[in-house]
Every structure is written in C-alpha cells, then in structure tokens.
Amino acid sequence: GEHCTGDAIKMGESVKAQTIDLEWVQVHPTGLVKPDDEAAKVKFLAAEALRGVGGLIFNRDGERFCNELGRRDYVTGEMWKNKA
C-alpha cells in the first residue's frame, strides 16, 4: 500500500549501501482490516493465509475481483488495480 515506500532501502542507499536481487523481493497480498469499522485508523493485518482457508477479497463496491487462490503476483496485481 501507500505506507510501503521502501524507506529503509532509501536510507541505506543514501549512505552508499548496495542492494542486490531486489527483483526477488516478494510482495504478499495482505491487507489491513477492521471488519466492524472500515474507516478505523487502527486495523489488524489480514494475513495471506486467510486466502488459503476460504477468505475472499472484495473491492470497495463489495465485488470479488480476482481468484483468491491465484499466485501472489497475480493477486497483488489485481489488488493494486482495484485499490481505491
């Protein structure tokens, strides 16, 4: 999400640290939720494991927009496309 900005990588690079193999960093399709108050400022992490036990992913309009059991890169890409 917008809160994941790579600040630690940027700080390291600012002092000449080198990065390697960043293309292999995995993005996990997780989300922050509070089911009883979607506008809450404090939410909990909905782990990727929830997809494996039947968790469904809905967009803001309450519509499913992907196969939740798809590969991480697919699900994450669909989540980015459907973010509000």
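In what follows, the accompanying structure is described. (Residues numbered from 1 in each chain as written. Predicted model: local features only at pLDDT ≥ 70, side-chain atom pairs only at ≥ 80, totals over all residues. Heavy atoms only, no water.)

## Here we look at the overall build of the protein
To be explicit about the condition: Each helix is a run of DSSP H or I of at least 4 residues and each strand a run of E of at least 2, with the numbering of both proceeding from the N terminus. Only protein chains enter the accessibility calculation, which uses a 1.4 Å probe. A residue is then buried if its area is under 20% of the maximum for its type, exposed if over 50%, and partly exposed in between. Only heavy atoms matter for contacts: two residues are in contact if any of them lie within 4.5 Å across the pair. Accessibility throughout is a Shrake-Rupley quantity obtained with a 1.4 Å probe, and a residue counts as covered only by protein chains that appear here. Counted as positive: Lys and Arg. Counted as negative: Asp and Glu, with His and the chain ends omitted from the count. Taken as the charge centre is NZ of Lys, CZ of Arg, CG of Asp or CD of Glu, depending on the residue.
A count of helices and strands for the protein gives 3 helices and 2 strands. Reading the secondary structure of the protein in the N-to-C direction produces α-β-β-α-α. Taking the principal axes of its C-alpha atoms as reference, the protein extends roughly 45 × 30 × 20 Å. Buried residues in the protein amount to 18% of all 84 residues. Contacts in the protein between residues at least 24 apart in sequence constitute 23% of all its contacts with a sequence separation of at least 6. Of the roughly 7,000 Å² of accessible surface on the protein, 58% is carried by carbon and sulfur atoms. Positive and negative charge centroids in the protein, built from 12 and 14 side chains respectively, lie 2 Å apart.

## A look at helix α3 (residues 72-81)
Along an α-helix, residues three or four positions apart point the same way, because every turn accommodates 3.6 residues. Which entries qualify depends on this criterion: By construction, the arc corresponds to the directions joining the helix axis to the C-beta atoms.
Turning to α3, its buried residues are Val75, Thr76 and Glu78. Here the buried residues of α3 occupy an arc of 160° about the axis, which is enough to place them on one side. In this structure, the buried side of α3 is in contact with α2 (49-52).

## What to know about unusual backbone geometry
A positive phi angle, close to 75°, is found at lysine 16, a residue other than glycine. When you line up the elements, lysine 16 lands in the loop between α1 (7-14) and β1 (31-33). Notably, aspartate 21 is not glycine yet its phi reads approximately 55°, a positive angle. With respect to the helices, strands and loops of the structure, aspartate 21 is situated in the loop between α1 and β1.

In short, the description is geometric, and any link to function would need to be established separately.
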